[in-house]
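# A closer look at the structure
The primary structure of each chain is shown beneath.
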Amino acid sequence: MGREFSGTTLRIFEAGHVFEETAIRWLRLAGFEIHTETSQGEQYGFSAADGRIQGHVDGILANGPEVIGLGYPALWECKSLNNKSWKDTIKRGLTLSKPVYAAQVALYQAYMEPHVPGISQNPAIFTAINKDTAELYFEQVPFNGQLAQQASDRGVRILQACDAHELLPRMVNDPTHYECKFCSWQDRCWGGKA
Ligand code: SF4
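Quick summary incoming for the structure in this document.

Calculation rules
- Residues numbered from 1 in each chain as written.
- Predicted model: local features only at pLDDT ≥ 70, side-chain atom pairs only at ≥ 80, totals over all residues.
- Heavy atoms only, no water.
- Salt bridge = Lys/Arg side-chain N within 4 Å of Asp/Glu carboxyl O.
- Helix = DSSP H or I, 4+ residues; strand = E, 2+ residues; numbered from the N terminus.
- Buried < 20%, exposed > 50% of the residue type's maximum accessible area, 1.4 Å probe, protein only.
- Pairing = 2+ DSSP bridges.

## Let's talk about the pattern of salt bridges
Inspection of every chain in the model, using the stated rule, returns three salt bridges. The residue Asp163 makes a salt bridge to Arg52 at a minimum N-O spacing of 2.9 Å. Taken together, the residues Asp163 in helix H4 (residues 145-163) and Arg52 in the loop between strand S2 (45-48) and strand S3 (53-56) connect sequence positions 111 residues apart. Residue class for Arg52 comes out partly exposed when judged on its relative accessible area of 44%. Between Arg92 and Asp88 there is a salt bridge, and its shortest N-O distance comes to 3.1 Å. On the criterion of helical spacing, the pair formed by Arg92 and Asp88 is a turn pair, its members being four residues apart in helix H2 (residues 83-97). With relative accessibility at 25%, the residue Asp88 sits in the partly exposed group.

Given below as structure tokens:
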């Protein structure tokens, strides 16, 4: 069994949604046509491997101002970060600073292509909001097919290991790593050592 999220973590998640909603409003005010729901009122997303690999995208940019290098449709992903994390992102860029998010963007571009033709041919727009200063960072992220394939292969490998009851090595050796802190399986994975 997993672990319930603490009240603090749930509040962090909810605050993240508030930042995201605010960013969507700002983009619309700036002239972007952004869709966050299908015509059936559902979040845009995909499902593969009989529903065992799923994802929901933050938004699809269908149109907007003419910006050099930008094309539509484009995937839009948004994260709200603390000052230190935000500064590192603008200094080193998404791929180096936030490799997990970069893989997520590549995977989403690949899996959304059948639903939104052309989305993988245009760079995704990654928006990072500084939670402390309200500064914004935008990065165009061209589709990285190799990264998408790696992330997809990794997902399949995990599913195969689960089916075979094989225990894969942990991603880190420190139970207090931030990824583990937000992981709902932390207690089970580390046997209460965190
Ligand atoms: S607790 Fe950490 S190592 Fe264990 S499954 Fe979660 S993220 Fe992976």
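That covers the picture; the talk isn't over yet.
## Things to note about the pairing of S2
Burial along S2 is one-sided: the face carrying Phe46 and Ala48 is buried and the face carrying Gly45 and Ser47 is not. Taken together, the four bridges between S2 and S3 define a ladder with antiparallel strand orientation. By the bridge assignment for S3, Phe46 is matched with Gly55. Connecting S2 to the antiparallel partner S3 that follows it, the hairpin turn spans four residues, and Ala49 within it adopts a positive phi of roughly 50°.

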